[in-house]
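Close look at the chain arrangement
Residue-level listing of the chains:
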Amino acid sequence: MPLDVIVVMDPIGSIKIAKDTTFAMLLEAQRRGHRLHYVIPGRLSLREGVAQAQVAALTVKDDKAGWSTLGDTRTLTFGPGQVVLMRKDPPVDDQYLYDTHVLGVAQQAGALIVNDPQGLRDFNEKLAALLFPQCCPPTLVSRDPAALKAFVAEHGEAVLKPLDGMGGRSIFRVKAGDPNTNVILETLIGGGNFTLAQRFIPGIKDGDKRVLLVDGEPVDYALARIPQGDEFRGNLAAGGRGEGRPLSERDRWIAAQVGPEMKRRGMLFVGLDVIGDYLTEVNVTSPTCVRELDGQYGLNIAGQLFDAIEKKLAA
């Protein structure tokens, strides 16, 4: 039975389709005969307590010369038989949170929101990993520069980063006694921002692995984002090279620790960041790496996701 698939995303005209996971989802939904609707950016609304959006009918094709066609704009009211793909990139700022509140009303009206709006509010991608401390390296989250400096001194070398960053931005690698530590902490803490300090994991040289969970179950392969040149960050946005790998036993163990809670909370599509033997982040807003893994291994991860979506709606 055809579904209405409504996508909330950053402007579709500026995506890079070769590595855009949202685009993979749209291609799969269209292949299954579902109707696609593109929410005009910034056009979610509540009218008399009813969740609505300004949308345009959307068709997509896997062609870098022209990958999307939009129809006329109309007002859509959220309700049963709809799937909403909430795929806006961070930052998770006030406007992002307001969007999740509108989508929460849409959820109450019967639409299936992927991922669950409450979970999007609850799971900061840095802090969410710490719900599973057995999986994580030594970590401190603090606004106290003295405590953070002491953490670096204790472990000899640490990574410092803000709680709201993405794509490797504002991540610092600091050694004990580094004369730049004070100014780095001043930059990160600013007027009182939390900063996360994590013991440096030498395994980053072999890549920062993205392990994907579909309804709590891991995809069999991960994409290792490998730092290049003199860069210590593996993020693709920071120039890292993506290389697919089968999941290790440790990867599967971490997925087994995290997956059931993600499933319980309605987080159908989640990306775990694993460096060496350690979980470092739990990505719930707009996890990526589907196109790369599909291409390297002949997978259809978006197909797995839509199998889970259709099963949930049927239930």
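Described in the following lines is the structure provided in the data block. (Residues numbered from 1 in each chain as written. Predicted model: local features only at pLDDT ≥ 70, side-chain atom pairs only at ≥ 80, totals over all residues. Heavy atoms only, no water.)

So, about the pattern of salt bridges. Under the counting rule described, the total for this entry stands at 20 salt bridges. Between Arg32 and Asp307 there is a salt bridge, with its nearest N and O atoms 2.8 Å apart. Taken together, the residues Arg32 in the loop between α1 (21-31) and β2 (35-47) and Asp307 in helix α8 (residues 301-314) connect sequence positions 275 residues apart. Residue Arg32 is classed as partly exposed on the basis of its relative accessible area of 24%. Note that Lys126 and Glu281 form a salt bridge whose closest N and O atoms lie 3.7 Å from each other. With Lys126 in the loop between α3 (117-122) and β7 (139-142) and Glu281 in strand β16 (residues 278-283), this residue pair connects regions lying 155 residues apart in the sequence. As far as burial versus exposure is concerned, Lys126 and Glu281 are alike and both buried. Each member of the salt-bridge network shares a partner with another, and the members are Glu28, Arg31, Arg32, Asp307 and Glu310. (Salt bridge = Lys/Arg side-chain N within 4 Å of Asp/Glu carboxyl O. Helix = DSSP H or I, 4+ residues; strand = E, 2+ residues; numbered from the N terminus. Buried < 20%, exposed > 50% of the residue type's maximum accessible area, 1.4 Å probe, protein only.)

In this structure, Ala56 sits in strand β3 (residues 50-60). In this structure, the C-alpha to C-alpha distance between Ala56 and Leu3, residues 53 residues apart in sequence, is 16 Å. Residue contacts for Ala56: discarding those within four places in its chain leaves Leu36, His37, Tyr38, Ile40, Leu70, Gly71, Asp72 and Thr73. (Contact = heavy atoms within 4.5 Å.)

Mapped onto the elements of the fold, Val105 is located in helix α2 (residues 94-108). Sequence separation between Val105 and Ala51 is 54 residues, and the spatial gap between their C-alpha atoms is 5.9 Å. What Val105 contacts, discounting residues up to four positions off in sequence, is Leu46, Gly49 and Ala51.

Right, let's get into the sheet that holds β2. Taken in spatial order, the 6 strands line up as β4-β3-β2-β1-β5-β6 in an open sheet, and their pairing is mixed. Only two strands of the sheet have a single partner each, and these edge strands are β4 (68-77) and β6 (112-114). Across this sheet, the average inter-strand angle for adjacent strands is 30°, counted without regard to direction. Pairing geometry for β3 and β4, over 8 bridges, is antiparallel. Bridge assignment links Thr59 to a residue of β4, and that residue is Thr69. Contacting β1 (4-8), β2, β3 and β5 (82-86), α1 runs over the sheet at an angle of about 80° to β3. (Pairing = 2+ DSSP bridges. Axes fitted to C-alpha atoms, helices over the stretch in contact; angles between N-to-C directions.)

This paragraph deals with α2. Think of an α-helix as turning once every 3.6 residues; residues three or four places apart then point the same way. Its 15 residues place the ends of α2 21 Å apart at the C-alpha level, agreeing with the 21 Å of an ideal helix rising 1.5 Å per residue. Every buried residue of α2 is listed here: Tyr96, Asp99, Thr100, Val102, Leu103, Gly104 and Ala106. At its buried positions, α2 is contacted by β2, β3, β5, β6 and α3. Gly110 sits one or two residues past α2 and shows a positive phi near 120°. (Expected span 1.5 Å × (residues − 1).)

With that out of the way, let us pick up the nonpolar core. The biggest cluster of nonpolar side chains holds 39 residues, and the ones touching the most others in it are Phe78, Met262, Leu272, Leu279 and Val282. Not counting residues up to four positions away in its chain, the partners in contact with Phe78 are Ile6, Leu44, Ala51, Gln52, Ala53, Val84, Leu103, Ala106 and Ala109. With 36 residues, the next largest nonpolar core counts Val5, Ile17, Leu26 and Leu27 among its residues. (Core = buried A, V, L, I, M, F, W, Y, C linked by side-chain atoms within 4.5 Å.)

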